[in-house]
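Each chain is listed here by its residues.
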Amino acid sequence: MTSTGSAFTIDTPTLEDVPALARIHVRGWELAYAHLLSRDEWFGQAAIERRLEHWTRWLTPGTRAADEGTYRVGRDAEGEVIGLAASWPPRDAVPVRPRELSVLYLDEAWLGTGVARELTEAILEGGPASVWVAEDNPRARRFYEKLGFAPDGATQVEEQLGGIRDLRMVR
């Protein structure tokens with residue numbers, strides 16, 4: 001476990017963390033996308049069940065997702081999961097950076113505390129990366145800009161998410 005000198009630490013999640021990861025992931029989606037996605041399938045119990053399956057697969061040794069991904073969690077002083085980050089190889093047909101920040105969500109009580117910055121740097125090791133962010137998510141865009149990311153002009157539409165338009169940011 002790596003101390004950050006604050007009231008939280010950053011380390012690698014385990015299968016025991018899966019319920020907390022699923023809960024924070026779904027709540028993070030709700031905070032970020034409730035104005036764009038209002039269906040129970042994205043924020044209700046069905047979403048939590050899907051995230052339980054995802055995180056179990058992602059953290060199970062020997063699976064492709066576990067082998068290709070990098071995962072970090074933030075923990076409070078009692079060791080409870082308060083945030084999560086994941087990185088996989090870029091999804092782009094022609095990657096513009098060697099890494100992609102794929103997932104980053106916090107327990108809402110920890111927004112603005114530095115946990116997200118620490119998780120991002122732990123996942124990306126301070127290096128160049130890309131991240132896809134909803135165009136209509138100004139808070140996330142400002143956060144990534146503070147970390148040195150800037151839009152590079154690439155966009156995509158997430159049809160499976162009701163047509164959310166994403167833009168790619170790189171550093």
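Above this text sits the structure in question.
Criteria and thresholds
- Residues numbered from 1 in each chain as written.
- Predicted model: local features only at pLDDT ≥ 70, side-chain atom pairs only at ≥ 80, totals over all residues.
- Heavy atoms only, no water.
- Helix = DSSP H or I, 4+ residues; strand = E, 2+ residues; numbered from the N terminus.
- Buried < 20%, exposed > 50% of the residue type's maximum accessible area, 1.4 Å probe, protein only.
- Phe/Tyr/Trp six-rings, centres within 6.5 Å; stacked < 30°, edge-to-face > 60°.
- Core = buried A, V, L, I, M, F, W, Y, C linked by side-chain atoms within 4.5 Å.
- Contact = heavy atoms within 4.5 Å.
- Polar contact = N/O pair within 3.5 Å; in protein donor to acceptor, adjacent residues only side chain to side chain.
- Pairing = 2+ DSSP bridges.

Visitor: I'm lost on the environment of lysine 146 in this one. Help?
Guide: With respect to the secondary-structure elements, lysine 146 resides in helix H6 (residues 138-146). On the accessibility criterion, lysine 146 (65% relative accessible area) is exposed. Placed 29 residues apart in sequence, lysine 146 and arginine 117 show a C-alpha to C-alpha distance of 9.2 Å.

Visitor: Before we go on, may I ask you to explain the packing of aromatic side chains in this structure?
Guide: The way to describe two aromatic rings as a pair is by their centre distance and the angle between their planes. All told, the structure shown has seven aromatic pairs when counted by the stated rule. Pairing tyrosine 71 with tryptophan 88 gives two aromatic rings, centres 5.7 Å apart and planes at 75 degrees, and the pair type is edge-to-face. Placement of the pair is tyrosine 71 in strand S3 (residues 70-76) and tryptophan 88 in strand S4 (residues 81-88), with a sequence separation of 17 residues. In this structure an aromatic cluster arises from ring pairing among Trp55, Trp58, Tyr71 and Trp88.

Visitor: What's the story with the nonpolar core in this structure? I'm lost.
Guide: The nonpolar side chains of a soluble globular protein tend to be buried, and buried together. By size, the foremost hydrophobic cluster in this structure holds 23 residues, and its most contacted members are Tyr33, Trp55 and Tyr71. Where this core is concerned, the elements lending two or more residues are helix H1 (18-33), helix H2 (40-43), helix H3 (45-59), S3, S4 and strand S5 (100-106). Counting 22 residues, the second-largest nonpolar core is a separate cluster that includes Ile10, Ala85, Leu104 and Ala129.

Visitor: Can you walk me through the side chain of arginine 51 in this structure?
Guide: Here arginine 51 lies in helix H3. Overall, arginine 51 belongs to the buried group, its relative accessible area being 14%. For arginine 51, the contacting residues outside a window of four places in its chain are Ala22, His25, Val26, Trp29 and Trp58.

Visitor: For this particular structure, what's the right way to read the side chain of arginine 171?
Guide: Position of arginine 171 among the secondary structure elements: in the segment after strand S8 (164-170). Of the polar contacts made by the side chain of arginine 171, one reaches the backbone oxygen of glycine 127; its length is 3.0 Å. Residues contacting arginine 171, with those up to four places away along its chain left out, are Arg97, Glu121, Leu124, Gly126, Gly127, Pro128, Ala129, Leu147, Gly148 and Phe149.

Visitor: Any chance you could explain the pairing of S4 here in plain terms?
Guide: For a regular strand, the rule is simple: side chains alternate between the two faces of the sheet. Counting buried residues along S4, eight of its eight residues qualify, which places the element largely inside the surrounding structure. Counting the residues that bridge the hairpin from S3 to S4 gives four residues, and of these glycine 79 lies at a positive phi of roughly 90 degrees. Bridge count for S4 against S5 is six bridges, and the pairing is antiparallel. Note on S5: the bridge partner recorded for leucine 84 is tyrosine 105.

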